[in-house]
Every structure is written in structure tokens, then in C-alpha cells.
Amino acid sequence: MVSAKSKKLMTWKNATDVASAKKLVDLGYLLPWGDGRTTAKVLGEDGSCELVRYIAVRLADRYADRLAAEILVESLFAVLTAANNEKVMIAFLEALFDSDQFENVTRHLVEISLGGEVAEDELSKSVVSAAVALICEIGLNIQRIEEEEPGRIERSKALSDHIAAYLLSVSNTNVQAVRLSLLRYFSQTEYGLSGKTNYTRLMVRFGHSIMESLFQQLFVKKSERIAAQFLLENLPCALEAGSDTQKILHETFKQHMFKESERFCLFMHELGSNLISLGQDNAICPAAESFARHLIALFKVTSDLGHKELGREVLQELHKFSAYGDIYKWIRSLENSSEIRRVFRELALEYRVKVVEAGKGGKVISQFRVSKRGRKPSLSKGDFGFLEQVTTLGDYEVRYTA
């Protein structure tokens, strides 16, 4: 039996190892935010992973007791926020998905994590960012498991709907990391669907600002790799969406095509190749067809502004899609369009005859991607985890210029 004196001394400040941390969890002690960093540091990565797995186990025992569950969830986020480590979050997710009480625990976890108001202080923003990232990853894993093993998770559709409803309830936030998590979640869960109701709702709310932030970071050396990965993974859904989203994309593409011409062209080529790879049975996917329409529109913009070098780049990209559907007809129509300046109509004709039909389709005719020293610039790409993507990209403040 623990004496009154020793029990009084048992606090999170005195937790020196995983065993003592687990004991505090068993006793129902709340891990204060101020002690979370110290605890995560003392336990290290492996110890923090073991602690959050234990919290998942205890949640399965106590989910029906609201107060006990809230203490466990708040303690969980104290560790996750302090550690800011994807491995620690994944450790909790693995234990959660192994739980016999997965559905019950998940429902209560979602409600407790996303059911309150978000304050304006930095700690609250960090906590809600971690909470939304965690819930999004739970939802995405449910979808992946159901695609691979249909029926493995009982009532998965109802649980996914429950998650989506709570995620949408926090979509009015100005916290950029939360917006990125939500955009990533609905772009992956609604990709390929005809409706895209939830995704469109997000784009209407903050599509302009989020795309501006991502494209600005695409052209900053220290963030280009992570921004490129996020955009390449999530733009296919945006390209499939309705007219409101396409207007946002067109304005974003147009602005950055002229502001950062060389880097934008590099990204345009990466995006085009990625979209073509998404097609099946030698057919083009809807996102790729939509991108081809954007390229047609961008060629018209280069014509309006008289930028022949950019016009050549856009033509080169367009012809990558010419073997699919009606896209070749769209390209040919540029040669006779009254909306295109004569010199650009001639440019389109010349490119088709001298480059494409002459069998030089792979030739780079623009000088944008050949440096003065003869080196070919390239777009850096990375392989970043979900948490690092949203936290890193979410820290950026958009620069507005006159």
C-alpha cells in the first residue's frame, strides 16, 4: 500500500522513467502542459512511444468514464505536443488500431479532442494542430484498411462520417497547420469521388490563402522539397474539383508562372508527369485532363502578355498530353483561335511541325531550364511524414506584395 507521504510526492515532475510515468497514468494523474516537455525529454523517443501506447491501453479501459478519458487524452496531447515526433504519434496509432475497443475509443477520442473551443495562444494552437493531425491520420488509416481488407473494421463508414463531421467543425480556424491537415485529409478521402462536398467547402473557405502559402514555399529553397511533396500528393483532388476550385488554381498558377517563371516551369513538368502516371489502361485520369485545360488557359495568358518563352514551355507541357482523348484537338485549336495573338498561333504551329511531328518531342526548346553554366536546374523533392509536412508548412507566414 502506498503511504500518504509517498503518494503526495508522486507527481509528473518526479517521473524519471517509463514505469513511474505509467504509474501516474494508472492513478489518473493529469500530465500538465508545462511538464510535458520535461517528461518527453526524460523518457526520450522510445520511452515516449511506450507511454503513449500505454495511454491507448488505458483509454480502452476508461473511455466510458468521461473525466478519466479527458485526463488521458489531455495527457496524450501533452506528450505529443512536447515530443513533436511522428514516431511517437504513430506508436499511439498502432496501439489504438490494435485495441479491441477501437470504435468506442476512437469515437470518444474524436469528441474530446475536437469538441472544445480553440484559444488564440500558441499552446492552444499547437495542441489543436496535433489533435487534428492525429484524428486525420486515424481517418486515413481506416480508409486504407477498408480498401485492403473490407469489413475488418466494424461500422467503418459510420466512424468515418463521425470523424469527417468533427473535422469540418474546426475548419473555421485560422491555424495554418490545421488547415493543411484538413486539406490533406479530404483531398485523399474524396479523390476520385464526383461530389467532393467537404473538399469544396474547405477550398471555398480558405483555398486562396492556402494555395498562396504553398506556392510561396515552393519557391523558397529551404521549404521547396516539402512544399513540392505536399502539392504533388494533394493537387490531383483539387484538379478534379468544381469550378470554384479551378478558378483558385488558375489564379495561383497564373500569378506564380510570371513571378517565379523558371521554378514554376520545373514544377509544372513534375506535376504533369505525376498526373500522367495516375492514369490506368493507357487512359488519362480526370485530374490530368483538368490540368491540360489549365495549360490551355495559361497559354492564352502568355499570349495576352506577350511572353514567348513561357508560351514555349506551356506548349511543351501540353504536348505530353496530346496522345490522350481530345487534348490533341484542343492543342490544334490554338493555331486558329481568335483569342490567341498571331505570333503565338504561329508559335503553336511551329512547335507542332518542327518539334513534335519531326520526332523531337523530348527536346527542350526553352532556355528556362538551362543555366548559364550549362547545368540543368531541378526541383528538389522529398519524402516527409504527415506530421512534418503540416507542422513545417504551417509555420510559414504568407508574404503579400503590392
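These numbers were taken from a predicted model, which means no experiment stands behind them.

Asks: Looking at this structure, I do not really get the overall build of the protein chain. What am I missing?
Replies: Across its full length, the protein chain holds 18 helices and 0 strands. Along the three orthogonal principal directions, the C-alpha set of the protein chain runs to about 90 × 45 × 35 Å. Taken across its 402 residues, the protein chain has 51% of its residues classed as buried. Partitioning the contacts of the protein chain with sequence separation of at least 6, the portion at a separation of at least 24 is 73%. Summed over its atoms, the accessible surface of the protein chain is roughly 19500 Å², and 48% of this surface lies on carbon and sulfur atoms. Across the protein chain, 52 positive and 53 negative side-chain charges occur, with their mean positions spaced 7 Å apart.

Asks: Just to check I follow, could you spell out the state of the cysteines for this structure?
Replies: Linking two cysteines covalently through their sulfur atoms gives a disulfide. Considering all chains together, one arrives at 0 disulfides under this definition. Of all cysteine sulfurs in the structure, the one in Cys237 sits closest to Cys285, which takes part in no disulfide; the separation is 12 Å. Taking the relative accessible area as the measure of exposure, Cys285 reaches 7% and is therefore buried.

Asks: Could you clarify how one ought to interpret the pattern of salt bridges in this entry?
Replies: When the charged atoms of two side chains lie near each other, side chains of opposite charge can form a pair. With the rule as written, the count across this model stands at 26 salt bridges. The salt bridge involving Glu45 is made with Lys87; its shortest N-O contact spans 3.8 Å. In this pair, Glu45 is assigned in helix H3 (residues 33-62) and Lys87 in helix H5 (residues 86-97), connecting sequence segments 42 residues apart. For Lys87, a relative accessible area of 53% puts it in the exposed group. A single network of salt bridges, built from pairs that share partners, joins Asp26, Arg58 and Asp61.

Asks: Is there a simple way to explain the nonpolar core in this structure?
Replies: Generally speaking, nonpolar side chains in soluble globular proteins are found buried as a group. One finds Leu134, Ile138, Leu167, Met211 and Phe215 to be the most contacted residues of the largest nonpolar core, which totals 129 residues. Looking at this core, the element that brings in the most residues is helix H7 (residues 122-148), giving 13 residues. Beyond its immediate stretch of four places on either side in the chain, Leu134 contacts Leu76, Phe77, Leu80, Met89, Phe92, Leu93 and Leu109.

Asks: Sorry if this is basic, but what is going on with the packing of helix H11 (residues 224-240) against helix H13 (residues 261-277) here?
Replies: A packed helix pair is summarised by two numbers, namely the angle formed by the two axes and the spacing between the axes. Their axes nearest at 11 Å, the elements H11 and H13 cross at an angle of 50°. With respect to H13, the axis of H11 lies oblique. The two elements H11 and H13 cross, and the hand of that crossing is right-handed. Across the interface between the two elements, Glu224, Ala228, Leu231, Leu232, Leu235, Pro236 and Leu239 of H11 pack against Arg263, Phe267, Glu270, Leu271, Asn274 and Leu275 of H13. When grouped by side-chain class, the residues that make up the contact of H11 with H13 number 9 nonpolar, 1 polar and 3 charged.

Rules used in this analysis
Residues numbered from 1 in each chain as written. Predicted model: local features only at pLDDT ≥ 70, side-chain atom pairs only at ≥ 80, totals over all residues. Heavy atoms only, no water. Helix = DSSP H or I, 4+ residues; strand = E, 2+ residues; numbered from the N terminus. Buried < 20%, exposed > 50% of the residue type's maximum accessible area, 1.4 Å probe, protein only. Contact = heavy atoms within 4.5 Å. Areas by Shrake-Rupley, 256 points an atom, 1.4 Å probe, with all protein chains shown as cover. Lys, Arg positive; Asp, Glu negative; His and termini not counted. Charge placed at Lys NZ, Arg CZ, Asp CG, Glu CD. Disulfide = S-S within 2.5 Å. Salt bridge = Lys/Arg side-chain N within 4 Å of Asp/Glu carboxyl O. Core = buried A, V, L, I, M, F, W, Y, C linked by side-chain atoms within 4.5 Å. Axes fitted to C-alpha atoms, helices over the stretch in contact; angles between N-to-C directions. Parallel < 35°, antiparallel > 145°, perpendicular 65-115°, else oblique. Left-handed = near helix turned anticlockwise from the far one by under 90°. Nonpolar A, V, L, I, M, F, W, Y, C, P; charged D, E, K, R; others polar.

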